[in-house]
Amino acid sequence: MPQILVDHSSDLDLDHAGFVKEVHGLIAEVIDTTVADCKTVFRPAAQYAVGDGTDGHAVVLVEIKILAGRSAGQRAELTARVLTVLEALVRVPAALGVEVTELDRETYRVVRHPGHRAG
């Protein structure tokens, strides 16, 4: 169920596999879910700016979507721990942001689609 969306500067050398391993594991620790249920999408951005765009800072913005019902404390812990992972992985000056948002349990659905095979 957790959806992790990572928008980042396209020229940033971000260890995607390391991020996934760390973040999926800690999400499973903080909220009632499994690593297998976590899904991450990396979206490199060719155009980005911090401030007036002249300082050369990179950008990493992470949104973690989880089912509603977790406490504010759990969401805050998740935010803090993901930010710590980012601080360890990003080796250049960067603006780092993490937000945990909630998905409506009544309307959110996800399926594991097997795909279609040519017959």
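Residues numbered from 1 in each chain as written. Predicted model: local features only at pLDDT ≥ 70, side-chain atom pairs only at ≥ 80, totals over all residues. Heavy atoms only, no water.

J.: Please set out the packing of aromatic side chains residue by residue, giving values where relevant.
T.: This structure, assessed with the given rule, holds one aromatic pair. Taking the centre distance of 5.7 Å and the plane angle of 75° together, the rings of Phe19 and Phe42 count as edge-to-face. Linking Phe19 in helix α1 (residues 16–30) with Phe42 in strand β2 (residues 39–45), this pair joins segments that are 23 residues apart in sequence. For the pair Phe19 and Phe42, a shared accessibility class is recorded, and that class is buried. (Phe/Tyr/Trp six-rings, centres within 6.5 Å; stacked < 30°, edge-to-face > 60°. Helix = DSSP H or I, 4+ residues; strand = E, 2+ residues; numbered from the N terminus. Buried < 20%, exposed > 50% of the residue type's maximum accessible area, 1.4 Å probe, protein only.)

J.: Any chance you could break down the pairing of strand β3 (residues 58–67) for me, citing the residues and the numbers?
T.: Burial of β3 is extensive: seven of the 10 residues sit out of reach of the surface. Examined bridge by bridge, strand β1 (residues 3–9) and β3 share six bridges and lie antiparallel to one another. The partner of Val6 across the bridge, within β3, is Val62. Here β3 pairs with strand β4 (residues 94–103) via 10 bridges, running parallel. In the strand pairing of β4, Val60 is matched with Leu96. (Pairing = 2+ DSSP bridges.)

J.: Describe the environment of His24, naming the residues involved and giving the relevant values.
T.: Tracing the sequence through the fold places His24 in helix α1. Between the alpha carbons of His24 and Ala95 there is a distance of 22 Å; along the sequence they are 71 residues apart. With near-sequence residues (within four places) excluded, His24 lies in contact with Ile4, Phe19, Val35, Cys38, Lys39 and Thr40. (Contact = heavy atoms within 4.5 Å.)

J.: Give me the lowdown on the pairing of β2, citing residues and values where you can.
T.: Pairing of β1 with β2, which is carried by seven bridges, proceeds in the parallel orientation. Looking across to β2, one finds that Gln3 is bridged to Lys39. Taking the sense of rotation as the criterion, the β-α-β connection linking β1, α1 and β2 turns out right-handed. (Right-handed = clockwise from strand over helix to strand, strands pointing away.)

J.: Can you explain the side chain of Arg70? Please cite residues and give values.
T.: Considering the arrangement of structural elements, one finds Arg70 in the loop between β3 and α2 (72–89). Here Asp32 takes part through its backbone oxygen, which lies 3.3 Å from a polar atom of the side chain of Arg70. (Polar contact = N/O pair within 3.5 Å; in protein donor to acceptor, adjacent residues only side chain to side chain.)

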